[in-house]
Amino acid sequence: MAFAEQTSEAKEGGLLAVFDALYVINLPNRGDRRREFQAQLGRIGLSLDHPRVRLFAAIRPEDKGGFPDIGSRGCFMSHLGVMTEAAAEGLGAVIVCEDDLDFSRDFVARMATILPALERLPWDIAYAGFQTVPPGEPVEGHPDIRAVAPDHPIVCMHFMFYRAPALTALTAYLNRMLARPSGDPAGGPMHVDGALSRFRADHPELRTLVVVPALGHQRPSRTDIHALAWFDRAPLVRDVVTKLRRLRARLRALAGC
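Asks: Can you help me understand unusual backbone geometry in this one?
Replies: If a residue is not glycine, its phi is most likely negative; likewise, a peptide bond is most likely trans. A cis geometry characterises the amide bond from V212 onward to P213, with omega recorded as -5°. When you line up the elements, P213 lands in the loop between strand 9 (208-211) and strand 10 (216-218). In this model, C156 sits at a positive phi of 95°, which is unusual for a non-glycine residue. Take C156: it is sitting in the loop between strand 7 (142-148) and strand 8 (159-163).

As structure tokens, this is what we get:
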């Protein structure tokens with residue numbers, strides 16, 4: 001269903017009233033993150049059983065293949081896999097979440113005004129989560145939505161919105177990166193957030209928006225990207241650290257961060 005054709009459904013409310021799918025990138029062996037994200041979906045009236053919520057099996061390569069490490073290659077390939085599937089199916093607009101995403105406390109209330117704006121505004125890529133707030137002015141007076149210059153890099157891709165033109169162009173662009181050697185001046189294997197920033201700079205005709213404050217944050221969790229620290233490898237200590245991370249996430253949510 002094309003994004004522009006969903007106005008009547010949007011009036012019923014809900015995150016997926018105006019998106020064709022919500023993808024969750026999750027390694028099959030990370031059942032802990034699936035359970036935690038299921039709880040996050042429950043907070044906003046969704047679940048992994050919703051027909052438009054898609055659990056995408058994250059890719060864990062055998063080697064780094066020119067990337068900084070195995071984890072960054074797997075992250076790149078996983079995001080590319082989602083984009084490839086969505087573009088091949090002709091989806092008009094999709095949400096892509098990493099499985100360590102926590103929705104903001106005020107998510108539902110803010111989305112009530114942000115969703116109609118996203119329907120109305122021209123855009124191709126929207127960041128709903130990021131590491132630092134990118135500069136930009138509110139779009140058409142909407143206090144939560146800013147337009148970002150195409151050459152301004154943005155770190156993190158844990159919560160993204162895409163429309164079809166960006167999905168099609170990104171799929172081709174990232175595949176060309178994979179075919180080049182590391183360090184190639186035209187852009188070779190790299191962290192996927194860097195690749196997206198480079199893509200945006202090379203495609204100034206595509207419009208990028210950011211939602212400020214962010215609609216979601218990365219939950220403290222055992223990494224799948226880098227080598228594990230000693231406290232994530234020791235079974236008993238790992239369990240204590242996991243509980244402390246969950247407590248930290250709850251405290252951050254209570255503080256509205």
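Asks: I would appreciate a short explanation of the pairing of strand 9 in the present structure.
Replies: Looking along a regular strand, one sees the side chains alternate between the two faces of the sheet. Along strand 9, one buried face is formed by T208 and V210 and the opposite face, lined by L209 and V211, is buried too. Pairing between strand 5 (residues 125-127) and strand 9: three bridges, direction parallel. Each bridged residue has a counterpart across the sheet, and for A126 the counterpart in strand 9 is L209. Where strand 7 and strand 9 come together, four bridges link them in antiparallel fashion. Looking at the pairing, V148 lines up with T208 of strand 9.

Asks: Sorry if this is basic, but what is going on with helix 6 (residues 192-202) here?
Replies: At 3.6 residues per turn, the α-helix brings residues three or four places apart onto the same side. For helix 6, every residue scored as buried is listed here: V192, D193, A195, L196, S197, F199 and R200. Check the buried side of helix 6 and you find it contacts helix 3 (70-88), strand 5, strand 7, strand 8, helix 5 (164-178) and strand 9.

Asks: Can you help me understand the packing of helix 3 against helix 5 in this one?
Replies: If you want to describe how two helices pack, look at the angle between their axes and the distance between the axes. Here helix 3 crosses helix 5 at 140°, and the two axes come no closer than 9 Å. Judged on the interaxial angle alone, helix 5 and helix 3 are oblique. The interaxial crossing formed by helix 3 with helix 5 has left-handed handedness. Contacts from F76, M77, L80, M83, T84, A86 and A87 in helix 3 reach L167, T168, L170, T171, L174, N175, M177 and L178 in helix 5.

Asks: What am I meant to see in the pattern of salt bridges here?
Replies: What the rule picks out here adds up to ten salt bridges. With its nearest N and O atoms 2.8 Å apart, the salt bridge here joins E89 to R54. With a gap of 35 residues between them, E89 in the loop between helix 3 and strand 3 (93-98) and R54 in strand 2 (residues 53-57) connect regions that are remote in the sequence. With a relative accessible area of 23%, R54 lands in the partly exposed category. With its nearest N and O atoms 3.1 Å apart, the salt bridge here joins D144 to R110. Linking D144 in strand 7 with R110 in helix 4 (residues 107-120), this pair joins segments that are 34 residues apart in sequence. For the pair shown, D144 and R110 are each scored as buried. Via salt bridges that share partners, E36, D102 and R219 belong to a single interconnected network.

Asks: So what exactly am I meant to see when it comes to the sheet that holds strand 6 (residues 138-139) here?
Replies: As a general point, the strands of a sheet are linked pairwise by backbone hydrogen bonds and lie either parallel or antiparallel. If you trace the eight strands from one edge of the open sheet to the other, you get 2-1-3-8-5-9-7-6, paired in mixed fashion. Strand pairing shows two members of the sheet lacking a second neighbour, strand 2 and strand 6, which therefore form its edges. Looking at chain direction, strand 6 and strand 7 are connected through two bridges and run antiparallel. When the bridges of strand 7 are listed, P138 appears paired with R146. Across the face of the sheet, helix 3 comes into contact with strand 1 (21-26), strand 2, strand 3 and strand 8 while running at roughly 155° to strand 1. Strands strand 5, strand 7, strand 8 and strand 9 of the sheet are contacted by helix 6, whose axis makes an angle of about 135° with strand 5.

Parameters and conventions
- Residues numbered from 1 in each chain as written.
- Predicted model: local features only at pLDDT ≥ 70, side-chain atom pairs only at ≥ 80, totals over all residues.
- Heavy atoms only, no water.
- Helix = DSSP H or I, 4+ residues; strand = E, 2+ residues; numbered from the N terminus.
- Buried < 20%, exposed > 50% of the residue type's maximum accessible area, 1.4 Å probe, protein only.
- Pairing = 2+ DSSP bridges.
- Contact = heavy atoms within 4.5 Å.
- Axes fitted to C-alpha atoms, helices over the stretch in contact; angles between N-to-C directions.
- Parallel < 35°, antiparallel > 145°, perpendicular 65-115°, else oblique.
- Left-handed = near helix turned anticlockwise from the far one by under 90°.
- Salt bridge = Lys/Arg side-chain N within 4 Å of Asp/Glu carboxyl O.

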